[in-house]
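# Structural overview for review
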Amino acid sequence: MNNTIAAISTPHGIGGIAVVRLSGPDARAIASRHVSLPPQAGAVRFTPFRIGDTLLDEVVVTLFLAPHSYTGQDTVEFSCHGSLYIQQALLQALLDSGARLAEPGEFTRQAFLSGRLNLSQAEAVADLIDSTNAASHRLAVSQLRGGYAKELEQLRQQLVDLTALLELELDFSDEDVEFADRSQLISLVSQTSTRVKALRDSFHMGNALKRGIPVAIIGRPNAGKSSLLNALLRDNRAIVSDIPGTTRDTIEETFVIKGIPFRIIDTAGLRHSDDPIEFLGIQRTIETVVQADIILYVHDATQPFVQALDDLQELQDIRSFDGKHLFIVHNKIDKCVKPIHELTHSQINTLEISAKEGYGLDTLTETLANTAHTELAHAPDVMLTNVRHYNALGQVDQALLNVAKSLTNGLSADLVVIDLRDALHHLGTITGQVTTDEVLGTIFSRFCIGK
Ligand SMILES: Nc1nc2c(ncn2[C@@H]2O[C@H](COP(=O)(O)OP(=O)(O)OP(=O)(O)O)[C@@H](O)[C@H]2O)c(=O)[nH]1
Ligand SMILES: [Mg+2]
């Protein structure tokens, strides 16, 4: 199979320049048929790009030599003029000269296979490309270069040390000695378990920061929930009408405040309905409440406030609000003559807005940002953002549980080692020490072609 691959690495379209990347053992030979290469690695050269005798473009060529390139292989990058014709013709010339068209993520896959990046770092590259705000960007950078990789390595080291202790014992099994004190081993296992659990627990926050902190907008029909969503997005995303029951399904949009992404979810109004579709919508509203970290209960301030309290009590009976941030948002205050604050319940935070006139929205967004910042202040430095890693750590946790059980029950070292190796195996799937083609295929297919 031909391992020298080529692709356009810049987005599809016309631009000032476009970059075509060529990587693999024959990269230099293929490139030399079209350009004169820079004299040494890391150098650039401004040079004509020829196809046979025809001049295609004048390009800037950058040469990287293995192993000092993104892919770990010899790599040549061509920066050409960004016309669609030139990009395509340049790529085609490289293919005609012996390169193969790269699959999505294949450059990063080469980087993984040549040991330049481990698997969790390769995944971080995809997250970095996807990052749309400061928070998700910071998490991706931490996974690529920071504390996350260190934390995993320390966990692995602890497991390797434990295994080594027990294996030593196995080597001398005829002599019936115990090298490692069992109670000390149990305490080591429990320390490792605690770290695994802490990392797993950080997934909720990590995932929220990556995908957006879930904020549910709930309330009675016609309270102005969809109007609030639209006002926050400054867009007519949801249909607004004076007919109660307009919104029947949940509507979700991401929205960034001060570098933190929020996932704002507009819901069907809460009421007892005989309409089966509306009923399903209301069920969804309840599910949304369960998943949300922040709940904005929108109350139509022209209506009696006890309605709000009744609704919240009813919801509370179905599912507790513990650990969630609840705000009552009095809407339509443009229509109110009387001040409303004396109505409110002392325990619940309240805000006053007019979604229609835009009043109070700055305070509302400020409140959302402050709530997120308070949560973040308690968040650990290293956060888990990847479901695949979350599941793998669950398996590690299970294996460690078995190890602890076996040790407590005084089982022999050879049995304990089996579970420890199992834990190491699952940890290894995160960084890619243990992988299957199928796993690699799924991970790299998330990338775009040219990365
Ligand atoms: N005066 C005034 N009217 C508002 C305000 N916010 C919403 N409305 C009106 O209230 C009506 C209902 O608004 P929606 O945003 O559709 O209400 P909803 O809560 O999404 O309603 P459902 O989807 O039916 O549950 C519309 O006629 C809006 O124009 C406000 O701040 N002031
Ligand atoms: Mg609505």
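Quick notes on the rules
Residues numbered from 1 in each chain as written. Chains lettered and ligands numbered in written order. Predicted model: local features only at pLDDT ≥ 70, side-chain atom pairs only at ≥ 80, totals over all residues. Heavy atoms only, no water. Helix = DSSP H or I, 4+ residues; strand = E, 2+ residues; numbered from the N terminus. Rg over C-alpha atoms; globule rule 2.2 N^0.38 Å. Buried < 20%, exposed > 50% of the residue type's maximum accessible area, 1.4 Å probe, protein only. Areas by Shrake-Rupley, 256 points an atom, 1.4 Å probe, with all protein chains shown as cover. Donors = N, O, S within 2.8 Å, 3.2 Å for Na, K, Ca; no water. Patch = residues over 30% accessible without salt bridge, like charges linked within 9 Å, V, L, I, M, F, W, Y side chains within 5 Å. Salt bridge = Lys/Arg side-chain N within 4 Å of Asp/Glu carboxyl O. Domains from an automatic or database assignment. Near = heavy atom within 4 Å. Polar contact = N/O pair within 3.5 Å; in protein donor to acceptor, adjacent residues only side chain to side chain. Nonpolar A, V, L, I, M, F, W, Y, C, P; charged D, E, K, R; others polar. Pairing = 2+ DSSP bridges. Axes fitted to C-alpha atoms, helices over the stretch in contact; angles between N-to-C directions. Expected span 1.5 Å × (residues − 1). Contact = heavy atoms within 4.5 Å. Phe/Tyr/Trp six-rings, centres within 6.5 Å; stacked < 30°, edge-to-face > 60°. Lys NZ or Arg CZ within 6 Å of the ring centre and 35° of its normal.

## Description of the overall build of the protein
Per the secondary structure count, the protein includes 15 helices and 12 strands. Relative to the globule expectation of 22 Å for 451 residues, the C-alpha radius of gyration of the protein, 29 Å, shows a markedly less compact shape. Each of the 451 residues in the protein was classed as buried or not, and the buried ones make up 49%. Accessible surface, the protein: about 22,300 Å² in total, of which carbon and sulfur atoms supply 52%.

## Comments concerning unusual backbone geometry
The step from Ala 66 to Pro 67 runs through a cis peptide bond, and the omega angle for that step is 0°. Position of Pro 67 relative to the elements: it lies in the loop between β4 (54-64) and β5 (75-81). Located in the positive-phi region is Asn 222, a residue other than glycine, with phi close to 70°. Within the secondary structure, Asn 222 sits in the loop between β7 (213-219) and α9 (225-233). Located in the positive-phi region is Lys 258, a residue other than glycine, with phi close to 45°. Here Lys 258 shows up in the loop between β8 (251-257) and β9 (260-266).

## So, the coordination of the magnesium ion (ligand 2)
Within the first shell, the magnesium ion (ligand 2) binds the protein through Ser 226 (OG) and Thr 247 (OG1), at distances of 2.0 to 2.1 Å. One end of the pair, Ser 226, is in helix α9; the other, Thr 247, is in the loop between α9 and β8, and 21 residues separate them in sequence. With a relative accessible area of 8%, Ser 226 lands in the buried category.

## Some thoughts on a nonpolar patch on the surface
A surface patch of nonpolar side chains, amounting to about 290 Å² of accessible area, comprises Val 44, Phe 46 and Val 60. For Val 60, the location among the structural elements is in strand β4.

## Some details on the domain arrangement of the protein
What the domain assignment reports for the protein is domain 1 (5-117), domain 2 (122-202 + 385-432) and domain 3 (215-377). Taking the mean C-alpha position of each, domain 2 and domain 3 sit 42 Å from one another.

## Section: the site of ligand 1
As a structural note, the neighbourhood of ligand 1 is formed by 24 residues, with Lys 225, Ser 227, Gly 245, Thr 246 and Thr 247 the closest of them. In the model, an oxygen atom of ligand 1 is placed 3.1 Å from a nitrogen or oxygen of the Asn 331 side chain. A distance of 3.0 Å separates an oxygen atom of ligand 1 from a polar backbone atom of Ala 355. Within the complex, 92% of the 650 Å² of free accessible area of ligand 1 lies under protein. Counting residues per element, the shell around ligand 1 draws most heavily on α9, which supplies three residues. For the shell around ligand 1, the per-class residue count stands at six nonpolar, 11 polar and seven charged.

## Considerations on the pattern of salt bridges
Counting across every chain of the model gives 17 salt bridges. The salt bridge partner of Asp 130 is Arg 446, with a shortest N-O separation of 3.4 Å. Here the residue Asp 130 occupies a position in helix α4 (residues 119-130), and Arg 446 occupies one in the segment after α15 (437-445), the gap between them amounting to 316 residues. In this structure, Asp 300 engages Lys 332 in a salt bridge whose closest nitrogen and oxygen atoms are separated by 3.2 Å. Taken together, the positions of Asp 300 in strand β10 (residues 294-300) and Lys 332 in the loop between β11 (325-331) and β12 (349-352) put the pair 32 residues apart, joining distant regions of the chain. Lys 332 carries the same exposure label as Asp 300, and that label is buried. Several salt bridges share partner residues, and in doing so they unite Asp 127, Asp 130, Lys 210 and Arg 446 into one network.

## Quick look at the sheet that holds β11
Across the sheet, six strands lie side by side as β8-β9-β7-β10-β11-β12; this open sheet has mixed pairing. Each edge of the open sheet carries a strand with a single partner, namely β8 and β12. Taken over all neighbouring pairs, the strand axes of this sheet differ in orientation by 25° on average, direction set aside. With five bridges joining them, β7 and β9 adopt parallel strand pairing.

## Let's talk about helix α5 (residues 134-145)
Between its first and last C-alpha, α5 extends 16 Å over 12 residues, near the 16 Å set by a 1.5 Å rise per residue. Residues of α5 that are buried sit in contact with α4, α6 (147-171), α8 (203-211), β9 and α13 (387-408). Its side-chain oxygen at 3.1 Å from the backbone nitrogen of Ala 135, Asn 133 defines the N-terminal cap of α5.

## Details of the side chain of Ser 136
Of note, Ser 136 is situated in helix α5. Overall, the relative accessible area of 7% leaves Ser 136 in the buried class.

## Let's talk about the packing of aromatic side chains
Counted according to the given criterion, the structure contains four aromatic pairs. On the basis of an interplanar angle of 80° and a centroid distance of 5.6 Å, the ring pair of Phe 49 and Phe 78 is categorised as edge-to-face. Here Phe 78 lies in strand β5 and Phe 49 lies in strand β3 (residues 44-51), a separation of 29 residues in the sequence. Taken individually, Phe 49 and Phe 78 each receive the classification buried, so the pair is uniform in this respect. Note on Phe 203 and Tyr 390: the rings are 4.5 Å apart at their centroids and 25° apart in plane angle, and the pair reads as stacked. Of this pair, Phe 203 sits in helix α8 while Tyr 390 is found in helix α13, placing the two residues 187 residues apart along the sequence. Overall, Tyr 390 belongs to the partly exposed group, its relative accessible area being 26%. Among the aromatic side chains, those forming a connected cluster through ring pairs are Phe 112, Phe 444 and Phe 447. For Arg 21, the ring lying beneath its charged end belongs to Phe 107, and the centroid distance is 5.1 Å. Between the NZ or CZ atom of Lys 451 and the centre of the ring of Tyr 70, over which it lies, the distance is 4.3 Å.

## Section: the pairing of β10
Counting buried residues along β10, seven of its seven residues qualify, which places the element largely inside the surrounding structure. Of the pairings in the sheet, the one linking β7 to β10 comprises five bridges and is parallel in character. From the neighbouring strand, Val 215 faces β10, where its bridge partner is Ile 294. In this sheet, β11 lies alongside β10 in parallel orientation, the contact comprising seven bridges. Its bridge partner lying in β11, Leu 296 is registered against Phe 327.

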